[in-house]
Amino acid sequence: KAGVTQTPRYLIKTRGQQVTLSCSPISGHRSVSWYQQTPGQGLQFLFEYFSETQRNKGNFPGRFSGRQFSNSRSEMNVSTLELGDSALYLCASSFEPGQGRYGYTFGSGTRLTVV
Amino acid sequence: AQSVTQLDSQVPVFEEAPVELRCNYSSSVSVYLFWYVQYPNQGLQLLLKYLSGSTLVESINGFEAEFNKSQTSFHLRKPSVHISDTAEYFCAVTLPSNTGKLIFGQGTTLQVKP
């Protein structure tokens, strides 16, 4: 079956602009989490969605937001982009929240470069 | 709060040699432990996980990790590495309380040389 699909794979934006990243989870998966990966800060949790509701949020400014649709697809939005937002953004999906029986499957990520 | 420390940022090793990637965690409550691998320009792949039970867990490609509660460690080992094992490896923890939040270490780059 198809894996977690993230679009686009690469993106270049200018400071001050906004950006929307998309994540389509594995069919049947209802939980989606987002992570930011940078060389300096490593992998940091952004937020988690389940059944269209945000269940958990990491320590990021309000410029970072997300949502989940009824088909479990998720989007994250970053407004007023800063140079420090340049990162690999990873999406992960699972049948249900939590890391127990099922674990999470990660997508290949969207590489965002802010210039 | 939980935290994860991967003690080596880079581990160079020759092909067919054994390797150990070290991971220590800090938590006042029980956690689930994971190792993920990331190949260049790809996302993370789950290598193995410890939830409960036997403290030694194995992956299908020859890696194993041992949970040591007294030393709060979850080191990853492989008795004989291949060139294809060259990648970045991440140790992570999460709480068993149905949260999707993984806390990752800074990663260890395994460089396998011929």
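Shown above is the structure to which this text applies.
Below or above, wherever it landed, is the structure these notes cover. Going along each chain's sequence as written, the residues are numbered from 1 onward. Each chain is given a letter, starting from A, and each ligand a number, starting from 1, according to the order in which they appear as written. For a predicted model such as this one, the threshold for reporting local features is a pLDDT of at least 70, and the threshold for listing and counting side-chain atom pairs is 80 or more; totals across whole chains, interfaces and linings nevertheless cover every residue. Based on all heavy atoms of the structure, the side-chain values leave hydrogens and waters out of the count.

A word on the interface of chain A and chain B
Okay, so step 1: Across the contact, 25 residues belong to chain A and 19 residues belong to chain B.
Okay, so step 2: Summing both partners gives a buried area of about 1,700 Å² for chain A against chain B, and 49% of it is carried by carbon and sulfur.
Okay, so step 3: Every case where a carboxyl oxygen of Asp or Glu lies within 4 Å of a side-chain nitrogen of Lys or Arg is listed as a salt bridge. Applying the counting rule to chain A against chain B returns zero salt bridges.
Okay, so step 4: Polar contact criterion, stated in full: a pair of N or O atoms within 3.5 Å, where within protein one must be able to donate a hydrogen and the other to accept it, and residues adjacent in sequence count only if both atoms are side-chain atoms. For the pair chain A and chain B, the interface holds three residue pairs in polar contact (both at pLDDT 80 or more).
Okay, so step 5: Secondary-structure elements contributing two or more residues to the side of chain A that touches chain B are β4 (31-38), β5 (42-50), β6 (53-57) and β9 (87-94) of chain A.
Okay, so step 6: Under the scheme used here, helices are H or I runs from DSSP no shorter than 4 residues and strands are E runs no shorter than 2 residues, and both carry numbers assigned from the N terminus. Counting residues per element, the side of chain A that touches chain B draws most heavily on β5 of chain A, at four residues.
Okay, so step 7: Under the grouping applied here, Gly and all other residues not named as nonpolar or charged are polar, the nonpolar ones being Ala, Val, Leu, Ile, Met, Phe, Trp, Tyr, Cys and Pro and the charged ones Asp, Glu, Lys and Arg. Residue classes in the side of chain A that touches chain B are distributed as nine nonpolar, 12 polar and four charged. When checking whether two residues touch, look at their non-hydrogen atoms; a contact exists if any pair is within 4.5 Å. Two parts placed together each lose some accessible area; with a 1.4 Å probe, that loss summed over both constitutes the buried area.

Looking at the side chain of Q68 of chain A
Residues and elements named next belong to chain A.
Okay, so step 1: Tracing the sequence through the fold places Q68 in strand β7 (residues 64-68).
Okay, so step 2: Residue classification places Q68 among the buried residues on the basis of a relative accessible area of 6%.
Okay, so step 3: Within polar-contact distance, the side chain of Q68 engages the backbone nitrogen of F50 at 3.4 Å.
Okay, so step 4: Among the polar contacts made by the side chain of Q68, one reaches the main-chain amide nitrogen of S51 at a distance of 3.2 Å.
Okay, so step 5: If near-sequence neighbours (up to four positions away) are discounted, Q68 is found in contact with R30, V32, Y49, F50, S51, E52, T53, R73 and S74. Each residue's exposure class comes from its accessible area (1.4 Å probe, protein chains only) as a fraction of the maximum for that residue type: buried when under 20%, exposed when over 50%, partly exposed otherwise.

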